[in-house]
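Summary of the model geometry
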Amino acid sequence: MICDMSALDLSRWQFAITTLYHFLFVPITIGTGFLVAIMQTAWVRTGNEKWLRATKFFGKIFLINFAMGVVTGIVQEFQFGMNWSDFSRFVGDIFGAPLAIEGLLAFFLESTFLGLWIFGWDRLPKRVHLLTIWLAAIGTLLSAYFILAANSFMQHPVGYYYNETLGRVQLNDFGALLFQETTLVTVFHTISACFITSGALVAGISAWLLVRGKAADVARSTLKLGSVTVLLAAVALGISGDLQARLMVQEQPMKMAAAEALCETSAPASFTVFTTNPSCEGGDSGWSLEVPHVLSLLATHTWNGEVQGMNNLQTDYQQEYGAGDYRPSTPIAFWSFRLMIGVGMLAALFALAALWLTRRGRSPTSKWFARVALAAPFLPLLANLFGWILTENGRQPWVVFGLLKTEQGVSPTSTVGMVATSLIVLTVLYGILAVVEIGLIRRAVILGPPDHVADPFESEPDDSGNRALSITY
């Protein structure tokens, strides 16, 4: 099968695999960093040892995930020069500023203060040490912001001018790049997704521990924290998703039409639950199960609002951009959109069930609940992946919407053999890393929170006059 693919096809597959794999770690890192900070804050404020034990336990999981995220993120960035040099050359003057700030400021902030948090348990004052985990968590949030600002330029280019002499875009309004509505809404939606993911992770592990009777005092408190986080994040996702859908209609109407398998412009437009022909082959969508007016409400907030269809947009784009097919892979866009929503809703249902089953001090003992708890963290992870598939696939055939097609961004010197070799190597490497990640987290979860943890800030000085490192990772 690989022999039938071009360097462009293989480059797209490689970037898709490495990006989606990397994004398995990103939401857990961002959300769990803040949840661990909340746990430690609860311990500092109350002095209750269970919150210190929770901090140490989930802090270990957070650190394992952070390390994997760094490794996979570095590999992902290498591809800009390896397989996508023409794309990098075209947007380099735009991406240079936000990605440099992300590396020099945000990543430096999170890595520095995370190091202080790891090694400063018995060396820093208690409240100063607490501040380090908050600053590390804020650093992860800032990293996400600057990266999403660069990605938002690919979805909706602003703050630039085209240099005809150099044949590339150059930045002339950094504020527009950082604070355009597309960036703000994307950050809101993505961070909400991070918290529903981390909340499900904490709630799922806690529920499993509770069923197994391990560290019940810790698990009960962290189960409530994780479940409430999931439900609050689900509400935020609904709000941000609505904002994002309206922006999509304005900025990338073809993506919205593909996500809804809307062949012809309609007013009012129905929401399609299921269709036998999402690609509109033959000029229509085949048999469909539709809910009248709902798409108009989602896209325009009006009962009879007009939503443009793929066939009409294809004609308009050909007139504006020239000959070509400007429709993305419609079945991928259509089903990824529905799977994103459906799987995400299952995570919220698990959180509701977990709170109900543990109300008034109850402790669930059912084995099925333990199995569901272990599956719960994977639900929002899958929803995240489906969301990014919709976002990136729905933009095709553009790598920078309206400015540069994907086929124009691939490295001209890349060959099928070169890309196929790196694709195979990276896929195998990432498979090994996945086994290592799952093994480390599985071991940590099976061990569970420690039975007792002494206050590290009350340890006696050792013979050298320094405090002994009493808690390590």
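Reading the values: the criteria
Residues numbered from 1 in each chain as written. Predicted model: local features only at pLDDT ≥ 70, side-chain atom pairs only at ≥ 80, totals over all residues. Heavy atoms only, no water. Helix = DSSP H or I, 4+ residues; strand = E, 2+ residues; numbered from the N terminus. Buried < 20%, exposed > 50% of the residue type's maximum accessible area, 1.4 Å probe, protein only. Pairing = 2+ DSSP bridges. Phe/Tyr/Trp six-rings, centres within 6.5 Å; stacked < 30°, edge-to-face > 60°. Lys NZ or Arg CZ within 6 Å of the ring centre and 35° of its normal.

By secondary structure assignment, the location of T275 is in strand 3 (residues 271-275). The class of T275 is buried, set by a relative accessible area of 3%. On a C-alpha basis, the gap between T275 and R168 in space is 41 Å, while along the polypeptide they are 107 residues apart.

What follows deals with the pairing of strand 1 (residues 160-163). Pairing geometry for strand 1 and strand 2 (residues 168-171), over four bridges, is antiparallel. Bridge pairing links Y160 to L171 in strand 2. Counted between consecutive antiparallel strands, the loop separating strand 1 from strand 2 contains four residues, among which G167 sits at a positive phi close to 70 degrees.

So, about the packing of aromatic side chains. Per the stated rule, a full pass over the model turns up 28 aromatic pairs. On the numbers, 6.4 Å between centres and 70 degrees between planes, the contact of Y317 with F401 is edge-to-face. One end of the pair, Y317, is in helix 11 (residues 310-321); the other, F401, is in the loop between strand 5 (398-400) and strand 6 (404-405), with 84 residues separating them in the sequence. Relative accessible area serves as the criterion here: at 15%, F401 is assigned to the buried category. On the basis of an interplanar angle of 65 degrees and a centroid distance of 4.8 Å, the ring pair of Y321 and W398 is categorised as edge-to-face. Within this pair, whereas Y321 is found in helix 11, its partner W398 is found in strand 5, the two being separated by 77 residues in sequence. A residue is classified by how much of its surface remains accessible, and Y321, at 28% relative accessible area, is partly exposed. Clustering of aromatic rings is evident, with ring pairs tying together F15, F80, F87, F95, F153 and Y160. For the cation-ring pair, K405 lies above W398, with the distance from its terminal atom to the ring centre recorded as 5.9 Å.

What is shown is where atoms sit, not what they do.
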